[in-house]
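Take a look at the letters that make up each chain.
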Amino acid sequence: MAVADPPVPELTGRANACADRLRAADRVLLASHIDADGLTSGAVASTALARAGIDHEVVFEKQLDAESIAGIAAREFDVVLFTDFGSGQLDVIADHEDRGDFVPVIADHHQPADRDTEFHLNPLLEGLDGASELSGAGASYVLARALEGRDGDNRDLAALAVVGAVGDMQDSDGGLVGANEAIVADGVDAGVIETRTDLDLYGRQTRPLPKLLEYASDVKIPGVSNDEAGAIAFLTDLDIDVKRDGEWRRWVDLDAEERQALASALMRRAVASGVPADRIEALVGTSYTLVDEEPGTELRDVSEFSTLLNATARYERADVGLAVCLGDRGDALAEARRLLRNHRKNLSEGLQWVKSEGVTDEQNLQWFDAGSRIRETIVGIVAGMAIGSPALDRSKPVIAFAEESAEELKVSSRGSHALVRRGLDLSAVMQEASQAVGGDGGGHDVAAGATIPIAERDAFLAEADRLVGEQLS
């Protein structure tokens, strides 16, 4: 059954072919990645399969490599649906397909390998940018719309797709663009998403106002950012009732007039402090609110929802994140919140470690090796936080290492959109530099990762530095 108004017309043919193959399957194994985008991809796809009456099981993989693909093949499902990964591993997957182990169906947005397969839904194959225009959850959403039956549509799943896109940092220039905007529009039409121009600070739903301002690290405002006393003094000087019954209010508690007054005062302070105009503009962006979620909770704001999900799967509890995505607001949400508290503590300690130890500067990049001090599942997040802090040089990408095993190092790299506009493509850097030393990697232009043999760190760094230099020259 064709969708009357497909959200991403360029992908309609691929989505319909994938949907038809899934409908023809007796049972489907759904395999997805473990970050926020992967969890929402899995939840969107699982919900759509269930609604279409397709029997399936869900598994999550920290990374899709030859070993994990062999494990998936051993499960003896005729059809395997890969979400938020699979494209980059098509060389291995296609070998299994050729042997008759399973038929792959892929909904991904990462750079495809040189091989291809019949049922492959990826924006990059149709000229759309998988790093900024459509996430893994977005690709799953396009597939979910193609799976719609006569009982209604799947546009309510746009809410989770937007959580995935924001979790994948696709809104980092102030809002979602490209195909993502069409998914937002579906969500608005379905009554599950509200958008508005708002102060672009993390924690609008849950953080007390002083913490909202103190921890706002993307745009540094002297005397407010990273300054608890300064943030409190700034708020106390405003002609706004910033406390109620002795408790600090949150951004979500303010009415439109109060928000306007606070935002204007913040802009004036930024201008007076000499913050560059382009950074001041970054204080305002588009907020995405999930209207079915309770106000003042982590689930109401898509940024906070995505952080909550990151806190589950990165600590081997993808089952908890999936349950929250599928609507469990009891035990799973309570456990996710406990994991989030632990996650925040670990991120804070990791960032503190980077600040105190510092980074090593090469000609074209900067790097740190956390060894076993920062968990390999969160070292990329720490690297992203570090590049937004005064401790690092924003004009160079950062590469972070952490121990994955006794033999292997996990590599995470983070850049900025300004560097990408100058030609940086960390996906290519990670892939080429890792393969040069017997590892493998990939990802997006602004954020990518790899796994390499421990003994090859310095050779990898030399190659990565050379490649970045070529891109930015």
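Residues numbered from 1 in each chain as written. Predicted model: local features only at pLDDT ≥ 70, side-chain atom pairs only at ≥ 80, totals over all residues. Heavy atoms only, no water.

### Quick look at the overall build of the protein chain
Then comes step 1: Within the protein chain one finds 18 helices and 15 strands.
Then comes step 2: Here the C-alpha radius of gyration of the protein chain, 22 Å, is about what a compact globule of 473 residues would show, namely 23 Å.
Then comes step 3: Taken along its principal axes, the extent of the C-alpha atoms in the protein chain is 70 × 55 × 40 Å.
Then comes step 4: Across the 473 residues of the protein chain, 55% fall into the buried class.
Then comes step 5: A separation of at least 24 residues holds for 66% of the contacts in the protein chain among residues at least 6 apart in sequence. (Helix = DSSP H or I, 4+ residues; strand = E, 2+ residues; numbered from the N terminus. Rg over C-alpha atoms; globule rule 2.2 N^0.38 Å. Buried < 20%, exposed > 50% of the residue type's maximum accessible area, 1.4 Å probe, protein only. Contact = heavy atoms within 4.5 Å.)

### So, helix α2 (residues 36-51)
Counting along an α-helix, one turn takes 3.6 residues, and residues three or four places apart therefore face a common direction.
Then comes step 1: With 16 residues, α2 extends 22 Å between its outermost C-alpha atoms, agreeing within 8% with the 22 Å of an ideal straight helix rising 1.5 Å per residue.
Then comes step 2: Counting buried positions over the 16 residues of α2 gives 14, a clear majority of the element.
Then comes step 3: Gly53 lies just past α2 and shows a positive phi near 75 degrees. (Expected span 1.5 Å × (residues − 1).)

### Concerning the layout of surface pockets
Then comes step 1: Within this model, the second largest pocket holds a volume of roughly 300 Å³.
Then comes step 2: Together, 16 residues line the second largest pocket, and Asp156, Ala159, Leu160, Glu293 and Cys325 are the ones closest to its centre.
Then comes step 3: Listing elements by their share of the lining of the second largest pocket, those giving two or more residues are α2 and α6 (158-167).
Then comes step 4: Here the lining of the second largest pocket gathers at least three residues from each of two domains, domain 1 (9-189) and domain 2 (203-346). (1 Å grid on protein atoms, 1.4 Å probe; cavity = no way out; pocket = protein on both sides within 12 Å on 5 of 7 lines; lining within 4 Å. Points joined across faces, edges and corners; volume = space filled by probe spheres on them. Domains from an automatic or database assignment.)

### Regarding the environment of Gln363
Then comes step 1: Along the chain, Gln363 falls in the loop between β10 (360-361) and β11 (366-369).
Then comes step 2: Separated by 102 residues in the primary sequence, Gln363 and Asp465 place their C-alpha atoms 6.9 Å from one another.
Then comes step 3: Ignoring any residue separated from it by four or fewer positions in sequence, one finds Gln363 in contact with Lys396 and Asp465.

### Looking at the UniProt feature "domain: DHH-CID" (unreviewed entry) in the protein chain
Then comes step 1: As recorded in UniProt, the feature "domain: DHH-CID" (unreviewed entry) lies at residues 201-284.
Then comes step 2: Note that residues 201-284 is 44% helix and 6% strand, and that its end C-alpha atoms are spaced 8 Å apart. (UniProt positions renumbered as here; feature names shortened; annotations may be inferred.)

### Some thoughts on helix α17 (residues 426-436)
Then comes step 1: Along α17, the residues that are buried comprise Leu426, Ser427, Ala428, Val429, Met430, Ala433 and Ser434.
Then comes step 2: For α17, the N-terminal capping position is held by Asp425, with its side-chain oxygen 3.1 Å away from the main-chain nitrogen of Ser427. (Polar contact = N/O pair within 3.5 Å; in protein donor to acceptor, adjacent residues only side chain to side chain.)

### Points about the sheet that holds strand β5 (residues 119-121)
Then comes step 1: Spatially, β2-β1-β3-β4-β5 is the arrangement adopted by the five strands of the open sheet, whose pairing is parallel. Each of the sheet's edge strands pairs with one partner strand only, and the pair in question is β2 (56-61) and β5. Each adjacent strand pair in this sheet contributes to an overall mean axis angle of 20 degrees, direction not counted.
Then comes step 2: Strand direction decides the pairing type here: strand β1 (residues 28-33) and strand β3 (residues 79-83), joined by five bridges, are parallel. Pairing of Ser32 across the sheet is with Thr83, part of β3.
Then comes step 3: Lying over the sheet, α2 contacts β1, β2 and β3, oriented at roughly 160 degrees with respect to β1. (Pairing = 2+ DSSP bridges. Axes fitted to C-alpha atoms, helices over the stretch in contact; angles between N-to-C directions.)

### Observations concerning the sheet that holds strand β15 (residues 447-453)
Then comes step 1: With mixed pairing, six strands are arranged side by side in an open sheet as β10-β11-β12-β13-β15-β14. Two strands lie at the open edges of the sheet, namely β10 and β14 (440-443), each paired on one side alone.
Then comes step 2: As paired elements, β10 and β11 share two bridges and run antiparallel to each other. Following the sheet pairing, Asp361 is matched in β11 by Gln366.
Then comes step 3: Sheet contacts for helix α15 (residues 379-387): β11, β12 (398-403) and β13 (408-414); angle to β13, the most-contacted strand, approximately 35 degrees.

### A few points about the pairing of β1
Then comes step 1: With six of its six residues buried, β1 lies for the most part within the structure.
Then comes step 2: Here β1 shows two buried faces, one formed by Val28, Leu30 and Ser32 and the other by Leu29, Ala31 and His33.
Then comes step 3: As judged from the six bridges shared by β1 and β2, these two strands associate in the parallel manner. Along β2, the bridge assignment pairs Ser32 with Phe60.
Then comes step 4: Note on the crossover from β1 through α2 to β2: the handedness is right-handed. (Right-handed = clockwise from strand over helix to strand, strands pointing away.)

### Some details on the domain arrangement of the protein chain
Then comes step 1: If you check the domain split of the protein chain, you get domain 1 (9-189), domain 2 (203-346) and domain 3 (358-472).
Then comes step 2: On a C-alpha basis, the centroid separation for the pair domain 2 and domain 3 is 28 Å.
Then comes step 3: If you look at the interface, domain 2 gives nine residues, while domain 3 gives eight residues.
Then comes step 4: For the pair domain 2 and domain 3, the summed buried surface comes to about 680 Å²; carbon and sulfur atoms form 52% of the total.
Then comes step 5: Interface area lost by domain 2 to domain 3 is led by Lys220, Arg314 and Tyr315, which between them contribute 54%.
Then comes step 6: Counting the contacts that link domain 2 with domain 3 gives one salt bridge.
Then comes step 7: The salt bridge partner of Arg375 is Glu316, with a shortest N-O separation of 2.5 Å.
Then comes step 8: Considered class by class, the residues forming the side of domain 2 that touches domain 3 number one nonpolar, four polar and four charged. (Buried area = accessible area lost by both parts, 1.4 Å probe. Salt bridge = Lys/Arg side-chain N within 4 Å of Asp/Glu carboxyl O. Nonpolar A, V, L, I, M, F, W, Y, C, P; charged D, E, K, R; others polar.)

### A closer look at the pairing of β15
Then comes step 1: In terms of burial, β15 is largely enclosed, as six of its seven residues are buried.
Then comes step 2: Pairing analysis gives seven bridges linking β13 to β15, with the strands arranged antiparallel. Within the sheet, the bridge partner assigned to Arg414 lies in β15 and is Ala447.
Then comes step 3: Looking at chain direction, β14 and β15 are connected through four bridges and run antiparallel. In the strand pairing of β15, Asp440 is matched with Thr451.
Then comes step 4: Counting the residues in the hairpin turn of β14 and β15 gives three residues.

### Observations regarding the packing of aromatic side chains
Then comes step 1: The tally for this structure, following the rule as stated, stands at five aromatic pairs.
Then comes step 2: Between Phe82 and Phe85 the ring centres are 6.4 Å apart and the planes differ by 65 degrees, which places this aromatic pair in the edge-to-face class.
Then comes step 3: Here Phe82 falls in the buried class, since its relative accessible area comes to 0%.
Then comes step 4: A relative accessible area of 5% places Phe85 in the buried class. (Phe/Tyr/Trp six-rings, centres within 6.5 Å; stacked < 30°, edge-to-face > 60°.)

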